[in-house]
Amino acid sequence: MSAVFDSLSRFYASSIGKKILVALTGLMLLGFVLGHMIGNLLIFVGKDAINEYGHMLQTMLHGGGVWIARIGLLGAVVVHVVATIQLTQANRAARKDAYGMHKAQVSGKASHTMIWSGLTILAFIIYHLLHFTVRKNNDYDTYKTVLHGETVHDVYRMVIAGFSWAPASIFYIIAMVLLSSHLSHGFSSLFQTLGVATDKTEPLFKKLGYAFAGLILVGNCSIVLAVWLGYVR
Amino acid sequence: MSQLNLHLKVWRQNAGQPGHFQDIEAPEIPDHASFLEMMDIINERLIAKGQEPVAFDHDCREGICGMCSMQINGVPHGPEKATTTCQLHMRKFRTGDTIWVEPFRAKAFPVIKDLVVNRGAFDRIQQAGGFVTVRTGAPQDANALPIGKEVADAAMDAAACIGCGACVAACKNASAMLFVSAKAGQLNLLPQGQPEKDRRTLGMVRQMDKEGFGNCTNQYECEAACPKEISVRWITKLNRDYAVAAVKDAFGNTRKEAGGGD
Ligand code: SF4
Ligand code: FES
């Protein structure tokens, strides 16, 4: 047991070990971001569709399902954030004296700002959870509706109320722009870290990453814009 | 032959002390001179004026030893692709240009003087596993060990690494992954390298981390700067080899020390 533990802590202490964990948790979070967006797009199907979906998530496995997902995601976020902060600190320490002139030849803006886009997304996640999950400083808990003869939480009304306040919507859109920037590098990057990219698949992973980032940006922002423009009401 | 009048900003530093850029005028530089020959001309002039010449590393001056380390206008070995500083010619510049000349900067490459840095960290990484152990005795027939042409060619590509450190210099994190992956991958690919593959991979990565190099963020600046065009696919392979070796290390059987002998 302790021999295993020793090896695992050596793995975590190493640069590649931490990066592999960042890649694996990144992969989990990619899946979550996609699922979360698809679920939320149900708002365009109608009030009952999204409320039914929300109710299903809440009652899955007698209410345990949502907690299993939450704990898994929390673990992934903690590992992803802690490891990347440690890696970034080590990276800064590895070059203390700055160049008088340093030119990036091939790398893009998104790849140079991962820590900042990431930390902003972290702040956004906390805000988003307080806003729609914990429902702090609002009365969304009292929003109820009747679905198939059962009283359930009115997700539909909550989303409309939530995005009717401009500062919140603007923060959502900014966060989505940064998320798509983060994804545009992170997506293809994780295949390199996991050791599966090849000369033939790398261009494909790159394009898929841009497409994925664009999809998440358009999909999530469409909900905010639809509420703003009164298309969903 | 035409001549160039250049303005240089050259880094001057003594080990352990803070450094600074010195403005050096470089008039009448023949355009057929190499970058190092230009530095020689400047040093002659500095010496003639009774000033301290600029210290820089060089050896073969034909692109094979990896000694000539200079960050030229923000890029290791200067603007020419797949070219070492010694093979860079002044005709690639224009008269009137300002050229920044700095050492390769990394915590793991401390400055010895001016443009000369200590790249001993690379040697220590090599000593941590970048070799195959060869037993003494009669060698076997060369053709007793069949190696596919593709494999031999790929290993040869990795073996082209001259250990110059440009990959570290180009990386915003001063990561040595391209160098380490080329040195480990070249042997991990060949049958001769198999017996020590996991030990090599774990050992070299551990030494790389210990030397204080940064972590790769998959931006591939190293590949763009490498004078030998080492591919970042070697880094992919190192990541893969490391994952496999770490899993075996964590969950595999423990090695029993061989008994007997003396
Ligand atoms: S990988 Fe390329 S840049 Fe890095 S040390 Fe080897 S030859 Fe130089
Ligand atoms: S001096 Fe040997 S590679 Fe430039």
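Residues numbered from 1 in each chain as written. Chains lettered and ligands numbered in written order. Predicted model: local features only at pLDDT ≥ 70, side-chain atom pairs only at ≥ 80, totals over all residues. Heavy atoms only, no water.

Draft legend 1. Structural context of the domain arrangement of chain B. All names here are of chain B. Taken domain by domain, chain B comprises domain 1 (3-113) and domain 2 (119-251). On a C-alpha basis, the centres of domain 1 and domain 2 stand 29 Å from each other. Contacts between the two partners involve 20 residues from domain 1 and, on the opposite side, 21 residues from domain 2. Each partner contributes to the roughly 1,500 Å² buried at the junction of domain 1 and domain 2, and carbon and sulfur atoms together form 62% of this total. It is Ala82, Ala108 and Phe109 that lose the most area in domain 1 upon contact with domain 2, and together they represent 34% of the buried surface on that side. On the surface where domain 1 and domain 2 come into contact, there are one salt bridge. A salt bridge links Arg119 to Asp57, with the shortest nitrogen-to-oxygen separation between them at 3.2 Å. Counting the contacts that link domain 1 with domain 2 gives four residue pairs in polar contact (both at pLDDT 80 or more). (Domains from an automatic or database assignment. Contact = heavy atoms within 4.5 Å. Buried area = accessible area lost by both parts, 1.4 Å probe. Salt bridge = Lys/Arg side-chain N within 4 Å of Asp/Glu carboxyl O. Polar contact = N/O pair within 3.5 Å; in protein donor to acceptor, adjacent residues only side chain to side chain.)

Draft legend 2. View of the pattern of salt bridges. All names here are of chain B. Across all of its chains, the model carries 19 salt bridges over all chains by this definition. Across the pair Glu102 and Arg105 runs a salt bridge whose closest N-O atoms are separated by 3.0 Å. Residue Glu102 shares its accessibility class with Arg105, and that shared class is buried. As a salt-bridge pair, Lys197 and Asp241 come within 3.7 Å of each other at their nearest N and O atoms. Taken as a pair, Lys197 in helix 6 (residues 197-210) and Asp241 in helix 8 (residues 233-251) lie far apart in primary sequence, 44 residues in all. A residue is classified by how much of its surface remains accessible, and Asp241, at 7% relative accessible area, is buried. (Buried < 20%, exposed > 50% of the residue type's maximum accessible area, 1.4 Å probe, protein only. Helix = DSSP H or I, 4+ residues; strand = E, 2+ residues; numbered from the N terminus.)

Draft legend 3. Seen up close, a nonpolar patch on the surface. Side chains of Ile125, Ile126, Leu129, Leu130 and Val134 of chain A sit close together on the surface and give an oily, nonpolar patch of about 400 Å² of accessible area. What makes Ile126 of chain A partly exposed here is its relative accessible area of 49%. (Patch = residues over 30% accessible without salt bridge, like charges linked within 9 Å, V, L, I, M, F, W, Y side chains within 5 Å. Areas by Shrake-Rupley, 256 points an atom, 1.4 Å probe, with all protein chains shown as cover.)

Draft legend 4. Here's a closer look at the sheet that holds strand 2 (residues 20-30) of chain B. All names here are of chain B. Reading across from one edge, 2-1-5-3-4 is the order of the five strands in this open sheet, with mixed pairing throughout. Here the strands that pair on one side only, and so sit at the sheet edges, are strand 2 and strand 4 (75-76). Across four bridges, strand 1 (residues 3-12) lies against strand 5 (residues 98-102) in parallel orientation. Counted as the bridge partner of His7 is Thr98 from strand 5. The sheet contacts of helix 1 (residues 35-48) involve strand 1, strand 2, strand 3 (71-72) and strand 5, and relative to strand 2 the element is tilted by about 105°. (Pairing = 2+ DSSP bridges. Axes fitted to C-alpha atoms, helices over the stretch in contact; angles between N-to-C directions.)

Draft legend 5. Region of the structure containing helix 2 (residues 15-40) of chain A. With 26 residues, helix 2 of chain A should cover 38 Å at 1.5 Å per step; its first-to-last C-alpha distance of 37 Å lies within 8% of that length. The distance from a side-chain oxygen at the start of helix 2 of chain A to the backbone nitrogen of Gly17 of chain A is 2.9 Å, and the residue carrying that oxygen is Ser14 of chain A. (Expected span 1.5 Å × (residues − 1).)

Draft legend 6. Molecular detail of the interface of chain A and chain B. Counting from both sides, the interface comprises 42 residues of chain A and, opposite them, 50 residues of chain B. Of the roughly 3,800 Å² buried where chain A meets chain B, counting both sides, 50% is carbon and sulfur surface. For the chain A face of the interface with chain B, the top three residues by lost area are Ile16, Tyr99 and Gln192 of chain A, together amounting to 17%. Between the two partners, chain A and chain B, sit three salt bridges. Residues Arg10 of chain A and Asp249 of chain B are paired through a salt bridge, measuring 3.1 Å at the closest nitrogen-oxygen approach. At the boundary of chain A and chain B, one finds 35 residue pairs in polar contact (both at pLDDT 80 or more). Every element with two or more residues in the side of chain A that touches chain B is listed here: helix 1 (2-13), helix 2, helix 4 (64-94), helix 5 (109-112), helix 8 (166-193) and helix 9 (202-228) of chain A.

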